[in-house]
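# Residue-level structure breakdown
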Amino acid sequence: MKFPVPGWRSIWMLFLVAAVGAACAPTPNPTAVPPTISPTSPSGNGPCPPPQVEPPPESRFTPLDGTGAIAYSNNGLWLVDPTTGRTVQLHQGSDGTFVWAPDGERIAFLSFLRLNLCAFAFLMLADLRTGIIQPLVDRPGLYSRPAWSPDGKHLAYTDSEGRLWALRLSDHQRRVLREDVYVSKAIDLQGNVVNWFPQAPRWTDGTHIAYLRRNERGGVLGIAEVSLNGLEDAMLVVDTVWPYDGFALTPDGNRLAYARSEEGPLVVMDLRSGERITVAGDASQSVRSPSERLQWSP
């Protein structure tokens, strides 16, 4: 069965259908649980077969100082000097989901093969000091927004197969830390999965990464934490978490904010004491969008 290719607005409608369906569905009888689609489906049959595409070649631009510049995407990745208005195109393509490194001299971004259903992309790195842009992965994937470690030495991200990756920038070596990551799915009115949305991880400090862990049925178990070496893991929050807002940690990593449902409440948890406080009992959809993530002030 073929599906029409919707725009971004239609994708979010599918996204919300999946969310509402998951939230409102009754608990099935354990003896009659219907088969579920595994997060590993994109690597096999389904609406998102991985394309066989070579990574983009390394490209160059004139090295420049990124301090004070504004990055934006418009048929490529650009920088603009807000004082002079001078613009520089760093890369040409369907680039987006870019994140500045803590040092302000590098930008990690996704270069998409297409901007519709199954938005496969390459994870890329632009180094403003050397003027070099290069791919960090050898094949495209359905990747989340990358997250920089506080020291700028690693990137963490998730993929549609439910894996949490850590990539070391010094040699581009990457490793899978966990394979139990929750992956959001868009479902059409017939109940077919038509897209995957990996959820971005967050660094709790320089050596630990927090992510949404899935349960046995593919839903959200809570918020988990794993060390950079993959040897330590623990649950930070065992609770209902609305995945489309994600979660946010304070800069010191001691408090965590998350939403329990589409309409709230918003909860703040002290990770040292385990105390939870409801800070907003009604955070309705009229003021929040699933495309916006929770964020703490610096």
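What you see is a predicted model; the values in this text were computed from it and never measured.

Here is what the cut-offs are and how they apply
- Residues numbered from 1 in each chain as written.
- Predicted model: local features only at pLDDT ≥ 70, side-chain atom pairs only at ≥ 80, totals over all residues.
- Heavy atoms only, no water.
- Helix = DSSP H or I, 4+ residues; strand = E, 2+ residues; numbered from the N terminus.
- Buried < 20%, exposed > 50% of the residue type's maximum accessible area, 1.4 Å probe, protein only.
- Areas by Shrake-Rupley, 256 points an atom, 1.4 Å probe, with all protein chains shown as cover.
- Pairing = 2+ DSSP bridges.
- Core = buried A, V, L, I, M, F, W, Y, C linked by side-chain atoms within 4.5 Å.
- Contact = heavy atoms within 4.5 Å.
- Polar contact = N/O pair within 3.5 Å; in protein donor to acceptor, adjacent residues only side chain to side chain.
- Salt bridge = Lys/Arg side-chain N within 4 Å of Asp/Glu carboxyl O.
- Phe/Tyr/Trp six-rings, centres within 6.5 Å; stacked < 30°, edge-to-face > 60°.
- Lys NZ or Arg CZ within 6 Å of the ring centre and 35° of its normal.
- pLDDT = per-residue confidence, 0-100.
- Lys, Arg positive; Asp, Glu negative; His and termini not counted.

## Digging into the overall build of the protein chain
Counting its secondary structure elements, the protein chain contains one helix and 22 strands. Relative to its full complement of 298 residues, the protein chain shows a buried share of 48%. Accessible surface for the protein chain amounts to roughly 15100 Å². Of this, 51% is attributable to carbon and sulfur atoms.

## Looking at the sheet that holds strand 16 (residues 208-214)
One open sheet accounts for four strands, arranged 15-16-17-18; its pairing is antiparallel. Of all the strands in the sheet, the pair left with one neighbour each is strand 15 (202-203) and strand 18 (233-237). Two elements, strand 16 and strand 17 (residues 220-227), share seven bridges in a ladder whose sense is antiparallel. Within strand 17, the residue paired with leucine 212 across the bridge is isoleucine 223.

## A word on the environment of leucine 117
Summarising the element assignment, leucine 117 is placed in the loop between strand 6 (106-112) and strand 7 (121-127). Using a relative accessible area of 11% as the deciding quantity, one classes leucine 117 as buried. Remark: the alpha-carbon pair of leucine 117 and tryptophan 196, spanning 79 residues in sequence, is separated by 8.6 Å.

## Description of the pairing of strand 14 (residues 193-198)
Strand 14 sits mainly inside the fold: six of its six residues count as buried. The pairing of strand 13 (residues 183-187) with strand 14 spans five bridges and is antiparallel. By the bridge assignment for strand 14, lysine 185 is matched with tryptophan 196. Hairpin remark: strand 13 followed by strand 14, antiparallel, with five residues in the connecting loop; positive phi at glycine 191, about 85°.

## Quick word on the nonpolar core
Nonpolar side chains tend toward joint burial in soluble globular proteins. Counting residues in hydrophobic clusters, the biggest one holds 32 residues, and the most contacted among them are Leu90, Leu123 and Trp148. For this core, the element with the most residues is strand 7, which contributes six residues. Non-local contacts of leucine 123, meaning those with residues more than four positions away in its chain, are made with Phe109, Leu110, Pro135, Leu136, Val137, Tyr143, Pro146, Leu155, Tyr157 and Leu167. In this structure, Ala248, Leu249, Ala259 and Met269 belong to the second largest nonpolar core, which totals 19 residues.

## With respect to the sheet that holds strand 12 (residues 173-178)
Sheet architecture is open: four strands sit in the order 9-10-11-12, paired in antiparallel fashion. Whereas interior strands pair on both sides, the edge strands pair on one side only; in this sheet they are strand 9 (147-148) and strand 12.

## Topic: the side chain of threonine 204
By the element assignment, threonine 204 lies in the loop between strand 15 and strand 16. One polar contact links threonine 204 to glutamate 225, side chain to side chain, over a distance of 2.7 Å.

## Concerning the pattern of salt bridges
Inspection of the entire model under this criterion finds 14 salt bridges. The shortest N-O distance in the salt bridge between glutamate 58 and arginine 60 comes to 3.6 Å. Of the charged contacts, one joins aspartate 180 and arginine 178 as a salt bridge, the two residues approaching to 2.7 Å between their closest N and O atoms. Ionic contacts of the salt-bridge type, sharing partners, join the residues Asp103, Arg106, Asp127 and Arg129 into one network.

## Details of the pairing of strand 12
Here strand 11 (residues 164-168) pairs with strand 12 via five bridges, running antiparallel. In the sheet register, alanine 166 faces strand 12, and the bridge partner there is arginine 175. Taken together, strand 11 and the strand that follows it, strand 12, pair antiparallel across an intervening segment of four residues, in which histidine 172 is found at a positive phi of about 65°.

## Digging into the packing of aromatic side chains
For the structure shown, the criterion picks out three aromatic pairs. On the numbers, 6.2 Å between centres and 15° between planes, the contact of tyrosine 72 with tryptophan 78 is stacked. Geometrically, the ring pair formed by tyrosine 143 and tyrosine 157 is edge-to-face, given 5.4 Å between the ring centres and 80° between the ring planes. Of this pair, tyrosine 143 sits in the loop between strand 8 (132-135) and strand 9 while tyrosine 157 sits in strand 10 (residues 154-158); the two residues are 14 residues apart in sequence, bridging distant segments of the chain. You'll find tyrosine 143 and tyrosine 157 in the same group, each marked buried. Connected via pairs of aromatic rings, a cluster forms that spans Tyr143, Tyr157 and Trp165. In this structure, arginine 174 is placed above the aromatic ring of tryptophan 165, and the distance from its NZ or CZ to the ring centre is 4.0 Å.

## What to know about the confidence of the model for the protein chain
Model confidence for the protein chain is summarised by a mean pLDDT of 82, while 81% of its residues fall at 70 or above. Predicted confidence for residues 1-45 stays below pLDDT 50, and this span has 63 contacts to residues more than four positions away or in other chains.

## A closer look at the side chain of glutamate 105
When you line up the elements, glutamate 105 lands in the loop between strand 5 (94-100) and strand 6. The buried charged residue glutamate 105 lacks any salt bridge, with arginine 129 as its nearest oppositely charged partner at 5.2 Å. Setting aside residues no more than four positions away along its own chain, glutamate 105 makes contact with Leu64, Asp65, Gly66, Thr67, Ala126, Asp127, Leu128 and Arg129.

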